[in-house]
Amino acid sequence: MASPSLPPSVPSQTAAAAARFARIPSSVSLKSTSSSFKIPHGQQQQGQLENLHLVSLSKQGKLEEARDFLKQMDEAGVLVNPHSYESLLEACGKMASLSDGRLIHRRLGNPSRYLENCVLKMYCACESFRDAEKLFDEMLEKDVASWGILISGYSQKGRLKEAFRLCTRMIELGIGLNSTVFTNLLKSLSDPSVLEIGEQLHSLVIRTGLSTNVSVITAISNMYVKCRQLQRAKLVFDQMVETNAVAWTGLMMGYTRAGKQKDALALFIRMLKEGVEMDQFVFSITLKACSGLEYLNLGRQIHGCIVKLGLESDVSVGTPVVDLYIKCSCFDSARRAFKRISEPNDASWSAIITGYCQIGEFEKSLQIFRSLRLKDLAMNSFIYTSIIQACSALADYNMGAQAHADAIKRGLVSYVHGESAMITFYSKCGRLDYANQAFESIDEPDTVAWTAIICGHAYHGNASEALKLFRRMQSSTARPNEVTFIGVLTACSHSGLVTEAKLYLESMSREYGVDPTIDHYDCMVDAYARSGLLQEAYELVKNMPFEPDAMSWKCLLGGCWIHRNLELGEIAAENLLQLDPDDTAGYILMFNLYGSHGKWDEAARVRRMMGARKLKKELSCSWITVKGKVHRFVVGDKHHPRTDDIYRKLKELNCSVTDVESIHLTEEDLSFGLAERKQLLMEHSERLAIAFGLISVPNNVPIVIFKNLRACKHCHDFAKHVSMVTGHRITIRDSCRFHHFHLGKCSCDDYW
């Protein structure tokens, strides 16, 4: 919102001060300390130079030096002039230095009414209203400004009862309320709970004949905006004889905050038609409205106006431009706009970090974050939330934990999204214990927090705990949403709770008012398919109230592969590849399914189809963090500095592998011939990571490994075997879920 215009007296005062400073001899430095500044003998120029130095010290906030210099002036018999006292009192108020303010008050003796008002203003700024009331009551000559200062002081601190008590006294004494008093009172009314008081003030404004005063009527319009009475604000605005930028931007801001971006843009169009002078605040609010509606074309036109006016380097305009382009997925434009901002602030950095996260460049967002911390630049809670989300995506536990600690230290954990982001982060990094702690530390978890912890347990395979948390959520004030039910249904699907999944799906709309989407039905298809109820899964795909998407058929195909149902598998694969012919998973599953039935000609045909489309599987990668350093492995990797030790450990484990004819193709060895598969199987990326973990991590510390693709059956069995023979706890997070291995068993109960 545009700031109020300065009083007419300010420019003249500033000019006068500048003129006085200009007369200071060049040999004198006003930045010198009080000890080095010597008062000249004879008191030339009647103490003018000394008073100017005193003003300089107060302007710089050097109150201790000012005190010392006052003593020197007293000793030399130099008088302190009223302007110096005014500057000192103003500095005391700004720095909330009540002790210095009281000292200066005692020095004044019998001050003028103007200086008494300055003291009164200082006490209000220091929130010492007892001193302010005492001085006010002792003032022999109070003017309207005196009343206004105390009323403004109370109203600015939210002490409305005391402010209105003084107003009542003014009216009883026959002292008319002026525009300044009304404006200050109206500015303090910023909540619907005080709407009635605002209405009474509006009536009083009309009775006192101030309804044509621009500043007062603007304050009334903005008061209605803050009290969420936009229709009344608009009515007051339309009746204004004269409008200013504050009135326009206030109403536009109200519309934007209320989600009525189109109304805000309609006001902007009116401003253009009426030739109202635009400033950076108008452009900022208009761009925010465009961002909310994702009106890219209009936003570009406004950006063009900003460039023509030379405002694009202004952070208050440049930041909304960046945000607009990010919201509209135009990251290159956002990056260019960001570079043009002369002095980016925390909001600017937050916007560009969010943009990098949005396009998946998480490492770049972390790089910026490290740079900001190194330079000790201003941060905000949105930056930390984005960084935690980036660390979740990268499973970067060390960086995320550091960012969490830093956010707590700075008091910048967002209570809207930040706490929930922490829950998700710790869950995705395999630290469900910390995720639980983060969740339980929230006094009243909202829907997002409940959903985060439920999904966390679901993807760790803790179905019973996920459903228990859901029942706790039902007893709270939070209401489940679409994502909550994704977590609940996923928990059921990954644990074979088919009946429970069906009941939850059926209850969504009836009991919770949440309409199921295709994603919820896909979860149900997955639950049927994993449990071997393939016909039921197929019937649901055909009869659900949505057109099946690629995921519907992929879930069915996955179940057909698990349970070796070739007939339904071919149907699922045909439909999947029609909807998404570039999905490599469909080809791989079908190749595996044909291979499991010994149909190698059909399997070869699938491989030729992939070749014809020039499709390549994503390279499988597994990584493990040891002593803060990330170690990455791919199949057959021999680039690690400890390669010999890793392969020696693999050989030592001597896990047996079945005959090559029974080994089914996995994501990691699709591009190799059948004869090579047995050797490659022994060198899959997660096996290398496990072996490295065994030679690098103490026995009492769990081995935590992350993988970008699903774990194959052979490596899953390998991890179980290793946990049994070594006693080591092993956790592997693949692309679908967590697997916790201990003493030869996995938390998924081999249901994965």
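Residues numbered from 1 in each chain as written. Predicted model: local features only at pLDDT ≥ 70, side-chain atom pairs only at ≥ 80, totals over all residues. Heavy atoms only, no water.

Re the packing of helix α8 (residues 144-156) against helix α10 (residues 179-187)
Two quantities define a packed helix pair, namely the angle between the helix axes and the distance between the axes. The interhelical angle for the contact between α8 and α10, taken along N-to-C directions, is 5 degrees, at an axis separation of 9 Å. Considering the angle they form, α8 stands roughly parallel to α10. Together, Gly148, Ile151, Ser152, Ser155 and Gln156 of α8 and Val181, Asn184 and Leu185 of α10 make up the contact between the two elements. Of the residues contributing to the contact of α8 with α10, the split by class is three nonpolar, five polar and no charged. (Axes fitted to C-alpha atoms, helices over the stretch in contact; angles between N-to-C directions. Helix = DSSP H or I, 4+ residues; strand = E, 2+ residues; numbered from the N terminus. Parallel < 35°, antiparallel > 145°, perpendicular 65-115°, else oblique. Contact = heavy atoms within 4.5 Å. Nonpolar A, V, L, I, M, F, W, Y, C, P; charged D, E, K, R; others polar.)

Points about the pairing of strand β5 (residues 738-742)
Bridging between strand β4 (residues 730-733) and β5 involves four bridges; their strand directions are antiparallel. When the bridges of β5 are listed, Ile732 appears paired with His739. Two elements, β5 and strand β6 (residues 745-746), share two bridges in a ladder whose sense is antiparallel. When the bridges of β6 are listed, Phe741 appears paired with Cys746. (Pairing = 2+ DSSP bridges.)

Observations regarding helix α2 (residues 48-59)
Taking 1.5 Å of rise per residue, the 12 residues of α2 would be expected to cover 16 Å, and the 17 Å separating its terminal C-alpha atoms lies within 8% of that figure. Judged by how many residues are buried, α2 sits mostly within the fold: 10 of 12 residues are covered. Those residues of α2 lying buried are Leu49, Glu50, Asn51, Leu52, His53, Leu54, Val55, Ser56, Leu57 and Ser58. Where α2 ends, the next residue or the one after it, Gly61, has phi of about 75 degrees, a positive value. (Expected span 1.5 Å × (residues − 1). Buried < 20%, exposed > 50% of the residue type's maximum accessible area, 1.4 Å probe, protein only.)

Here we look at the confidence of the model for the protein
Mean pLDDT over the protein stands at 86; residues scoring 70 or higher make up 90%. Below a pLDDT of 50 lies the segment residues 41-45, which in the model reaches three contacts outside its immediate sequence neighbourhood of four places, other chains included. Per-residue pLDDT stays below 50 along residues 656-675; that stretch engages in 47 contacts with residues further than four places along the chain or on separate chains. (pLDDT = per-residue confidence, 0-100.)

Quick word on the packing of helix α21 (residues 362-375) against helix α23 (residues 397-410)
At a minimum axis distance of 13 Å, the contact between α21 and α23 shows a crossing angle of 40 degrees. It follows that α21 is oblique to α23 by the angle criterion. For the pair α21 and α23, the sense of crossing is left-handed. Counting all contacts with α21, which are made through Leu366, Phe369, Arg370 and Arg373, the residues of α23 involved are Met399, Gln402, Ala403 and Asp406. Taken together, the residues of the contact of α21 with α23 break down into four nonpolar, one polar and three charged. (Left-handed = near helix turned anticlockwise from the far one by under 90°.)

What to know about the side chain of Ser146
Following the sequence through the fold, Ser146 ends up in helix α8. Residue Ser146 is classed as buried on the basis of its relative accessible area of 0%.

Brief notes about the UniProt feature "repeat: PPR" (unreviewed entry) in the protein
UniProt records the feature "repeat: PPR" (unreviewed entry) for residues 143-177, 244-278, 345-379 and 446-480 in the present numbering. Along residues 143-177 one finds 74% helix and 0% strand; the C-alpha atoms at either end are 11 Å apart. Note that residues 446-480 is 71% helix and 0% strand, and that its end C-alpha atoms are spaced 9 Å apart. (UniProt positions renumbered as here; feature names shortened; annotations may be inferred.)

Looking at the environment of Ala132
On the secondary structure map, Ala132 appears in helix α7 (residues 129-138). Looking at Ala132, the relative accessible area reads 0%, which means it is buried. Once the C-alpha coordinates of Ala132 and Ile149 are considered, the two residues, 17 residues apart in sequence, prove to be 9.8 Å apart.

A short note on the environment of Tyr587
The residue Tyr587 is located in helix α34 (residues 584-596) in this model. Judged by its relative accessible area of 2%, Tyr587 is buried. Excluding anything up to four places from it in sequence, Tyr587 contacts Leu577, Pro581, Val606, Met609, Met610, Arg613 and Leu615. One polar contact links the side chain of Tyr587 to the main-chain carbonyl oxygen of Pro581, over a distance of 2.7 Å. (Polar contact = N/O pair within 3.5 Å; in protein donor to acceptor, adjacent residues only side chain to side chain.)

Overview of the side chain of His728
Locating His728 in the fold gives a position in the loop between α39 (713-726) and β4. Side-chain polar atoms of His728 contact the backbone oxygen of Pro698, separated by 3.2 Å. Ignoring anything within four residues of it in the chain, the contact list for His728 reads Leu694, Val697, Pro698, Asn699, Val701, Ile703, Ser723 and Phe741.

Things to note about the pattern of salt bridges
Side-chain pairing between opposite charges can occur once the charged atoms of the two side chains come close. If you walk through the whole model with that rule in mind, you get 34 salt bridges. The partner of Asp645 in a salt bridge is Arg648, with the nearest N and O atoms 2.7 Å apart. Of the two residues, Asp645 and Arg648 both sit in helix α36 (residues 643-653), three residues apart, roughly one turn of that helix. Members of the salt-bridge network, linked through shared partners, are Lys234, Asp238, Arg270 and Glu274. (Salt bridge = Lys/Arg side-chain N within 4 Å of Asp/Glu carboxyl O.)

A closer look at the sheet that holds strand β3 (residues 703-707)
Taken together, six strands build an open sheet; the order of strands is β2-β1-β3-β4-β5-β6 and the sheet is mixed. The open sheet has two edge strands with one neighbour each: β2 (629-634) and β6. Taken strand by strand, helix α38 (residues 685-696) contacts β1 (621-626), β2, β3 and β4, and its axis lies near 15 degrees from that of β1. Relative to the sheet, α39 contacts β4, β5 and β6, its axis offset from that of β5 by approximately 35 degrees.

Describing the nonpolar core
Within the largest apolar cluster, 193 residues are counted, with the highest numbers of intra-cluster contacts made by Val322, Ile352 and Ile423. The greatest single-element share of this core, amounting to eight residues, is contributed by helix α30 (residues 518-530). Judged by nonpolar contacts, the second largest core, of 24 residues, contains Ala689, Ile690, Val697 and Ile703. (Core = buried A, V, L, I, M, F, W, Y, C linked by side-chain atoms within 4.5 Å.)

Notes on the state of the cysteines
Scanning all chains against the criterion turns up zero disulfides. Free cysteine: Cys328, not disulfide-bonded; nearest cysteine sulfur from Cys330 at 6.1 Å. Accessibility expressed as a relative area gives 15% for Cys328, which makes it buried. (Disulfide = S-S within 2.5 Å.)

Looking at the packing of aromatic side chains
The tally for this structure, following the rule as stated, stands at 20 aromatic pairs. Each ring, one from Phe136 and one from Trp147, has its centre 4.9 Å from the other, and the planes form 85 degrees; the classification is edge-to-face. Taken together, the residues span a long stretch of sequence, with Phe136 in helix α7 and Trp147 in helix α8 at a distance of 11 residues. In this pair, the class of Phe136 matches that of Trp147, namely buried. Aromatic ring contacts, followed pair by pair, group Tyr397, Phe425, Tyr426 and Tyr434 into a single cluster. (Phe/Tyr/Trp six-rings, centres within 6.5 Å; stacked < 30°, edge-to-face > 60°.)

A look at α36
Inspection of α36 places Thr643, Ile646, Tyr647, Lys649, Leu650 and Leu653 among the buried residues, and these make up the whole buried set. Around the axis of α36, the buried residues are gathered within 155 degrees of arc, so they sit on the same side. Of the residues in α36, the exposed ones pointing more than 90 degrees away from the buried face are Asp644, Arg648, Lys651 and Glu652. Structurally, α36 contributes buried residues whose contacts are with β2, α38 and α39. (Arc of directions from axis to C-beta.)

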